[in-house]
Amino acid sequence: MNFQILPSLLAADLGRLADELKRAEASGADAIHIDIMDPHFVPNMSFGPSIVDFCRRTCPGFYRHVHLMLSRPDLYLEKFAAAGAQTIQVHIESDCDLHVELRRIRALGAKPALVINPETPVEILAPYLGEAEEVLVMTVHPGYGGQKFIAECLPKITWLRERCPGLDIMIDGGGNAETIPLCAKAGANQFVAGSYLFGQSDMRAAVADLRAKLRCCKA
Ligand code: DX5
Ligand code: ZN
């Protein structure tokens, strides 16, 4: 299973967004993680579809993962797909029929992914596991970067990996050189890190260090 490292754009210096995005791509990271929030679903707001288009225009070859923290993601799927989202992640806690929406994401040409919040029991994902190509296990409460990793989420990763050997399992929240190896040992293979990676003066060295640590986690 391939390990992937994804800087989260939420932690970038927005005054230098193009340079920050180029820095993330040049770091050797696999993709950019783009957090989209509405203030009904989380106590914050962030970006809209135009930021995804900005990423596509600035770094066309840098894969775009779009994390929709929206109560009604179904109303915006076309807009994000048209803006260049390549993976679209929708929350199991959102208010729409996810069987339908995961199919729509695929029909729009993007990779369909589900996301689960820390307080939501993992078993709720069972009916969707044949339909999502990736599951993102939140390891903080969504809404803000820079929060502390919630280790109690690790058993969810193991539960998923035992049932779905080929599934991409991502973690998001509090990812750093200590917590990411713990997630890999539990069975995750994709790792978001926002404040940790954008806070580095040498992001490339930090990504290389993470990859070296992950190599030690390979079974
Ligand atoms: C939180 C977002 C995360 C956030 C992670 O709602 O989904 O992607 O940017 O930031 P760090 O890595 O700083 O916890
Ligand atoms: Zn995210």
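Structural data are supplied above this passage.
An account of the accompanying structure is given in this report. Just so it is clear, the structure is predicted and the values come from calculations on it, not from any experiment. (Residues numbered from 1 in each chain as written. Chains lettered and ligands numbered in written order. Predicted model: local features only at pLDDT ≥ 70, side-chain atom pairs only at ≥ 80, totals over all residues. Heavy atoms only, no water.)

**Quick look at the site of ligand 1**
In step 1: Lining the immediate surroundings of ligand 1 are 18 residues, of which Asp 35, Gly 143, Asp 172, Gly 194 and Ser 195 lie closest.
In step 2: Within the side chain of Asp 35, an N or O atom sits 2.7 Å from an oxygen atom of ligand 1.
In step 3: Residue Gly 146 places a main-chain N or O atom 2.8 Å away from an oxygen atom belonging to ligand 1.
In step 4: For ligand 1, the protein covers 99% of the area, taking 380 Å² as the surface of the free molecule.
In step 5: For the shell around ligand 1, a count of residues per class yields six nonpolar, 10 polar and two charged. (Near = heavy atom within 4 Å. Polar contact = N/O pair within 3.5 Å; in protein donor to acceptor, adjacent residues only side chain to side chain. Areas by Shrake-Rupley, 256 points an atom, 1.4 Å probe, with all protein chains shown as cover. Nonpolar A, V, L, I, M, F, W, Y, C, P; charged D, E, K, R; others polar.)

**Describing helix 2 (residues 49–58)**
In step 1: Those residues of helix 2 that sit buried are Ile 51, Val 52 and Cys 55. Angularly, the buried residues of helix 2 cover 105° about the axis, an arc narrow enough to put them on a single face. What points out from helix 2, more than 90 degrees from its buried face, is the exposed set Ser 50 and Arg 57. (Buried < 20%, exposed > 50% of the residue type's maximum accessible area, 1.4 Å probe, protein only. Helix = DSSP H or I, 4+ residues; strand = E, 2+ residues; numbered from the N terminus. Arc of directions from axis to C-beta.)

**Observations regarding the sheet that holds strand 6 (residues 134–138)**
In step 1: As summarised here, the arrangement of the eight strands in space is 1-8-7-6-5-4-3-2, forming an open sheet in which the pairing is parallel. What marks the edges here is a single partner per strand, and that holds for strand 1 (4–7) and strand 2 (31–37). Direction aside, neighbouring strands of the sheet carry axes that sit 25° apart on average. (Pairing = 2+ DSSP bridges. Axes fitted to C-alpha atoms, helices over the stretch in contact; angles between N-to-C directions.)

**Here's the deal with the coordination of the zinc ion (ligand 2)**
In step 1: In the first shell of the zinc ion (ligand 2), the protein supplies His 33 (NE2), Asp 35 (OD), His 67 (ND1) and Asp 172 (OD), at 2.0 to 2.3 Å from the metal.
In step 2: Each of the six donor atoms around the zinc ion (ligand 2) contributes to a set of angles spanning 71 to 169°, which defines the coordination as octahedral.
In step 3: Along the chain, the residues that donate to the zinc ion (ligand 2) are spaced as H-x1-D-x31-H-x104-D. With His 33 in strand 2 and Asp 172 in strand 7 (residues 168–172), this pair connects stretches of sequence that are 139 residues apart.
In step 4: Judged by its relative accessible area of 7%, Asp 172 is buried. (Donors = N, O, S within 2.8 Å, 3.2 Å for Na, K, Ca; no water. Tetrahedral: all angles 85-135°; square planar, octahedral: opposite > 155°, others 65-115°.)

**A short note on the packing of helix 5 (residues 154–163) against helix 6 (residues 179–186)**
In step 1: Two elements in contact, helix 5 and helix 6, have axes separated by 8 Å at closest approach and are oriented at 35°. Residues Leu 154, Ile 157, Thr 158 and Arg 161 of helix 5 pack against Leu 182, Cys 183 and Ala 186 of helix 6.
In step 2: Among the residues making up the contact of helix 5 with helix 6, the classes are represented as five nonpolar, one polar and one charged. (Contact = heavy atoms within 4.5 Å.)

**Focus on the packing of helix 1 (residues 17–26) against helix 2**
In step 1: One can describe the packing of helix 1 onto helix 2 by two numbers: an axis separation of 10 Å at closest approach and a directional angle of 60°. Seen from above, helix 1 lies across helix 2 with right-handed handedness. Seen from helix 1, the contacting residues are Leu 17, Ala 18, Leu 21 and Lys 22; seen from helix 2, they are Ile 51, Phe 54, Cys 55 and Thr 58.
In step 2: Considered class by class, the residues forming the contact of helix 1 with helix 2 number six nonpolar, one polar and one charged. (Left-handed = near helix turned anticlockwise from the far one by under 90°.)

**Digging into the pattern of salt bridges**
In step 1: Tallied over the entire structure, the rule returns 13 salt bridges.
In step 2: Between Arg 57 and Asp 53 there is a salt bridge whose closest N-O contact spans 3.1 Å. Of this pair, Arg 57 and Asp 53 both sit in helix 2, four residues apart, which is roughly one turn of the helix.
In step 3: For Arg 57, a relative accessible area of 57% translates into the label exposed.
In step 4: On the accessibility criterion, Asp 53 (22% relative accessible area) is partly exposed.
In step 5: Asp 168 serves as the salt-bridge partner of Lys 111, at 2.7 Å between the closest nitrogen and oxygen. (Salt bridge = Lys/Arg side-chain N within 4 Å of Asp/Glu carboxyl O.)

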